[in-house]
Amino acid sequence: MDPLIVLITGCSSGIGLSLAVKLANDEQKRFKVYATMRNLTKKEALEEAAGTTLNHTLEIKKLDVCCERSIKECVESIPGRRVDILINNAGVGLIGPIECQSLEEMQRVFDTNFFGVVRMIKEVLPDMKKRRSGHIVMISSVMGLQGIMFNDIYAASKFAVEGFCESLLYQTMKFNIFLTLVEPGPVVTEFEMKTHEEAMRGDYSKTDRETADMFMNHYLKNTRAVFSSLGQTPEDVAEHVLHVITKKKPQFRHQTNQVYTPVTALKHADPRGGLANDLFYKLVFQHASLMHASLHAIKLIRWKAHKVQQGARMLGLL
Ligand SMILES: NC(=O)C1=CN([C@@H]2O[C@H](COP(=O)(O)OP(=O)(O)OC[C@H]3O[C@@H](n4cnc5c(N)ncnc54)[C@H](OP(=O)(O)O)[C@@H]3O)[C@@H](O)[C@H]2O)C=CC1
Ligand SMILES: CC1=C(/C=C/C(C)=C/C=C/C(C)=C/C=O)C(C)(C)CCC1
């Protein structure tokens with residue numbers, strides 16, 4: 001059988017890079033991967049990770065999701081413009097008090113995370129409709145379901161993606177095209193480092209001292225702990241995406257981190273919002289030490305499980 005043609009955006013690092021490499025290394029050779037990035041001078045890491053798959057099951061192409069011409073040129077360069085699976089992965093973060101962020105910065109987040117997805121889908125959907133087949137996967141986020149403090153604009157951009165897809169779903173269903181929102185919790189990639197570094201360089205003189213303190217001394221500290229105890233690896237997320245795209249009937253939503261399922265479920269348990277809002281508020285401002293102790297315990301358990309797995313592998317039991 002011919003391999004499925006997969007186009008992935010944002011493959012210079014993180015989830016996009018891991019996913020491209022994972023699919024290109026598929027033992028059954030089910031995929032031909034077009035791994036795209038906006039800046040080809042960053043292609044070395046992917047080239048290295050791709051190894052012998054490079055220019056066989058994996059090809060690197062230039063694509064900037066903020067530029068319609070770049071998207072068109074990339075899709076036109078694919079034989080027959082055929083894209084069986086589109087993975088909208090490219091994305092940027094933004095954290096901090098909104099009064100310290102410029103409108104331009106906020107628009108850049110929406111232009112990439114939301115309009116980037118819209119541009120990509122506009123380019124491939126008509127062909128998928130003609131073929132009455134295809135699968136479009138969004139790397140959304142748990143923040144597409146539940147807002148988290150100081151992520152106002154980023155969460156809004158992911159909520160926009162979720163609303164857009166919920167609405168588009170009926171058309172895609174009619175044309176036998178699958179649409180899936182993959183919703184990871186924290187993933188340890190350059191994403192965290194980039195947003196954290198930008199936040200450290202930020203000018204907080206435009207906000208009051210109390211807000212600046214909430215951000216620097218509560219939020220940043222808490223998220224560091226959250227990433228180091230609950231964070232997944234990009235390979236983990238890639239494994240979930242592989243599972244989603246190889247299902248006969250892929251589901252619409254897929255969360256990759258079980259810990260976050262109850263967090264996002266709170267909203268549905270209490271539609272008036274009290275439960276979720278109260279919990280987050282109390283966790284951050286009233287029971288921070290309890291939260292840190294729990295996160296630390298989770299980290300220890302995960303480390304122990306990892307060691308047991310390593311030992312079992314060495315003994316040939318896994
Ligand atoms: N890390 C996390 O905790 C989580 C991440 N996500 C989502 O996962 C996706 C991947 O993020 P992750 O791998 O973590 O982060 P990385 O920062 O490692 O990767 C982001 C990728 O997006 C690319 N990108 C940014 N802007 C554009 C653009 N205009 N056109 C094309 N590519 C672009 C970056 O390219 P460049 O190198 O040129 O900047 C990079 O390749 C994002 O959509 C993010 O929102 C979801 C949940 C959690
Ligand atoms: C769990 C949790 C927190 C942090 C969650 C974080 C930091 C999630 C990050 C998700 C990301 C980065 C998604 C990207 O799309 C808080 C609010 C500190 C306190 C309450 C419990």
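Residues numbered from 1 in each chain as written. Chains lettered and ligands numbered in written order. Predicted model: local features only at pLDDT ≥ 70, side-chain atom pairs only at ≥ 80, totals over all residues. Heavy atoms only, no water.

If you look the protein up in an unreviewed UniProt entry, it shows as Retinol dehydrogenase 8 from Hymenochirus boettgeri.

What about the sheet that holds strand β1 (residues 4-8)?
This is how it is decided: Only strands that DSSP links by at least two bridges are regarded as paired with each other. The way it works is that DSSP assigns letters per residue, a run of H or I at least four long becomes a helix, a run of E at least two long becomes a strand, and they are numbered from the N terminus. Note on definitions: angles span 0 to 180 degrees between N-to-C directions of axes, and those axes are lines fitted to C-alpha atoms, for helices only across the stretch in contact. Residue contacts are counted whenever heavy atoms from the two residues lie within 4.5 Å of one another.
Reading across from one edge, β3-β2-β1-β4-β5-β6-β7 is the order of the 7 strands in this open sheet, with parallel pairing throughout. Pairing within the sheet leaves two strands with one partner each, and these edge strands are β3 (58-62) and β7 (253-255). Mean inter-strand twist for the sheet, computed between neighbouring axes without regard to direction, equals 20 degrees. Together, β5 (135-139), β6 (178-183) and β7 form the strand contacts of helix α6 (residues 152-174), whose direction differs from that of β6 by roughly 160 degrees.

Some words on the site of ligand 1
For clarity, the cut-off: We call a residue near a molecule or strand whenever a single non-hydrogen atom of that residue lies within 4 Å of it. A 3.5 Å cut-off defines polar contacts: any pair of N or O atoms within that distance qualifies, except that in protein one atom must be a possible hydrogen donor and the other a possible acceptor, and neighbouring residues in sequence count only when both atoms are side-chain atoms. Accessibility throughout is a Shrake-Rupley quantity obtained with a 1.4 Å probe, and a residue counts as covered only by protein chains that appear here. Classification convention: Asp, Glu, Lys, Arg as charged; Ala, Val, Leu, Ile, Met, Phe, Trp, Tyr, Cys, Pro as nonpolar; all other residues, Gly among them, as polar.
Around ligand 1 lies a shell of 31 residues, among which S12, R38, Y154, T189 and K194 are the nearest. One of the backbone N or O atoms of I15 is found 2.8 Å from an oxygen atom in ligand 1. One nitrogen or oxygen atom from the side chain of K194 is found 2.7 Å from an oxygen atom belonging to ligand 1. Here ligand 1, which alone exposes 890 Å², has 97% of that area covered by the protein. Of all the secondary structure elements, the ones that give two or more residues to the shell around ligand 1 are α1 (14-24), α6 and α7 (190-201). Looking at the shell around ligand 1, the element that brings in the most residues is α7, giving 3 residues. Tallied by class, residues from the shell around ligand 1 come to 14 nonpolar, 11 polar and 6 charged.

With respect to helix α12 (residues 288-314)
Since the α-helix packs 3.6 residues into each turn, any two residues three or four apart lie on the same face. The condition that has to hold: One less than the residue count of a helix, multiplied by 1.5 Å, gives the span that helix is expected to have. We call a residue buried when its accessible area falls under 20% of the maximum for its residue type, exposed when it is over 50%, and partly exposed in between, using a 1.4 Å probe and counting protein chains only.
Its 27 residues place the ends of α12 39 Å apart at the C-alpha level, agreeing with the 39 Å of an ideal helix rising 1.5 Å per residue. Here α12 has its buried residues at M291, L295 and A312. Buried residues in α12 make contact with α8 (209-230) and α11 (274-285). In the segment just after α12, G316 is the residue with positive phi, at about 75 degrees.

Here's the deal with the pattern of salt bridges
Selection criterion: Here a salt bridge means any side-chain nitrogen of Lys or Arg lying within 4 Å of a carboxyl oxygen belonging to Asp or Glu.
If you walk through the whole model with that rule in mind, you get 19 salt bridges. Between E239 and K22 there is a salt bridge whose closest N-O contact spans 2.9 Å. Of this pair, E239 sits in helix α9 (residues 234-245) while K22 is found in helix α1, placing the two residues 217 residues apart along the sequence. A salt bridge links R253 to E166; its shortest N-O distance comes to 2.8 Å. Here the residue R253 occupies a position in strand β7, and E166 occupies one in helix α6, the gap between them amounting to 87 residues. Classification of R253 as partly exposed rests on a relative accessible area of 30%. Because the salt bridges share partners, they merge into one network encompassing K72, E76, R81, E123, D127 and K130.

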